[in-house]
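Topology and contacts: notes
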Amino acid sequence: MNSLTQYFADVARIRAVGVSTHQWVEVVRHHDGDLDVRIRPGLLRRCTEDEVAAEIRTALVAAVADHRRQYRQLRIDYFGSPLGVEEFTAPESPAGEEQPR
């Protein structure tokens, strides 16, 4: 297998994980693009709708950031540069909740 084929295989195997700000929610993005969302018991009883939405949002953003970080690192490992892959910048939060990095 040549290095370009190996690079594409490694990119295809990226598994990204994101955890919400208060660790109520974990999002796992598997190599095939499927998402697993795990919610700790009690979130829906103890938090408001806005807090639930914020937890899900921050977990998703963290998973996207983790995927981008891994993809960027593969570019560096294989090609010596992350050219074409900018660092992930989290979007502004509508409710002012803290965004993961």
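Above this text sits the structure in question.
Keep in mind it's a predicted model, so treat the numbers as computed, not measured. (Residues numbered from 1 in each chain as written. Predicted model: local features only at pLDDT ≥ 70, side-chain atom pairs only at ≥ 80, totals over all residues. Heavy atoms only, no water.)

1. Structural notes on the overall build of the chain
The helix and strand inventory of the chain stands at 3 helices and 3 strands. When the helices and strands of the chain are read in sequence order from the N terminus, they spell out α-β-β-β-α-α. Over its C-alpha atoms the chain spans a radius of gyration of 16 Å, topping by over 25% the 13 Å that the globule rule assigns to 101 residues. Seen through its principal axes, the chain has C-alpha atoms that stretch 55 × 25 × 15 Å. Only carbon and sulfur atoms are counted for the fraction: they give 51% of the accessible area of the chain, which is about 6900 Å². Across the chain, the 13 positively charged side chains and the 16 negatively charged ones have centroids separated by 4 Å. (Helix = DSSP H or I, 4+ residues; strand = E, 2+ residues; numbered from the N terminus. Rg over C-alpha atoms; globule rule 2.2 N^0.38 Å. Areas by Shrake-Rupley, 256 points an atom, 1.4 Å probe, with all protein chains shown as cover. Lys, Arg positive; Asp, Glu negative; His and termini not counted. Charge placed at Lys NZ, Arg CZ, Asp CG, Glu CD.)

2. As for the packing of aromatic side chains
Under the counting rule described, the total for this entry stands at 4 aromatic pairs. For the pair Tyr7 and Phe79, a centre-to-centre distance of 4.8 Å together with 65 degrees between the ring planes defines the contact as edge-to-face. Within this pair, whereas Tyr7 is found in helix 1 (residues 3-12), its partner Phe79 is found in helix 3 (residues 49-79), the two being separated by 72 residues in sequence. A network of ring pairs unites the aromatic residues Tyr7, Phe8, Tyr78 and Phe79 as a single cluster. For Arg40, the ring lying beneath its charged end belongs to Trp24, and the centroid distance is 4.3 Å. (Phe/Tyr/Trp six-rings, centres within 6.5 Å; stacked < 30°, edge-to-face > 60°. Lys NZ or Arg CZ within 6 Å of the ring centre and 35° of its normal.)

3. Considerations on the pairing of strand 2 (residues 25-29)
For strand 1 (residues 16-19) and strand 2, the ladder comprises 4 bridges, and the chain directions are antiparallel. Note on strand 2: the bridge partner recorded for Gly18 is Val27. Where strand 1 folds back onto strand 2 in an antiparallel hairpin, the turn is made up of 5 residues, including Gln23, whose phi is positive at roughly 60 degrees. By the bridge criterion, 5 bridges tie strand 2 to strand 3 (residues 35-39) in an arrangement that is antiparallel. Counted as the bridge partner of Arg29 is Leu35 from strand 3. (Pairing = 2+ DSSP bridges.)

4. Overview of the sheet that holds strand 1
Spatial strand order, 1-2-3: 3 strands in an open sheet with antiparallel pairing. Across the chains shown, the open sheet's two edge strands, defined by having one partner strand only, are strand 1 and strand 3. Going from strand to strand, the sheet's axes swing by 15 degrees on average, the running direction of each strand aside. Against the sheet, helix 3 makes contact with strand 1, strand 2 and strand 3, and its axis sits at roughly 145 degrees relative to strand 1, the strand it touches most. (Axes fitted to C-alpha atoms, helices over the stretch in contact; angles between N-to-C directions. Contact = heavy atoms within 4.5 Å.)

5. Structural notes on the nonpolar core
Among the nonpolar cores identified, the biggest contains 8 residues, and these are Trp24, Val25, Val27, Leu43, Cys47, Val52, Ala59 and Ala63. At 3 residues, the largest contribution of residues to this core is made by helix 3. Discounting chain neighbours no more than four positions away, the residues touching Val25 are Gly18, Val19, Ser20, Val37, Arg38, Ile39, Leu43, Glu55, Ile56 and Ala59. (Core = buried A, V, L, I, M, F, W, Y, C linked by side-chain atoms within 4.5 Å. Buried < 20%, exposed > 50% of the residue type's maximum accessible area, 1.4 Å probe, protein only.)

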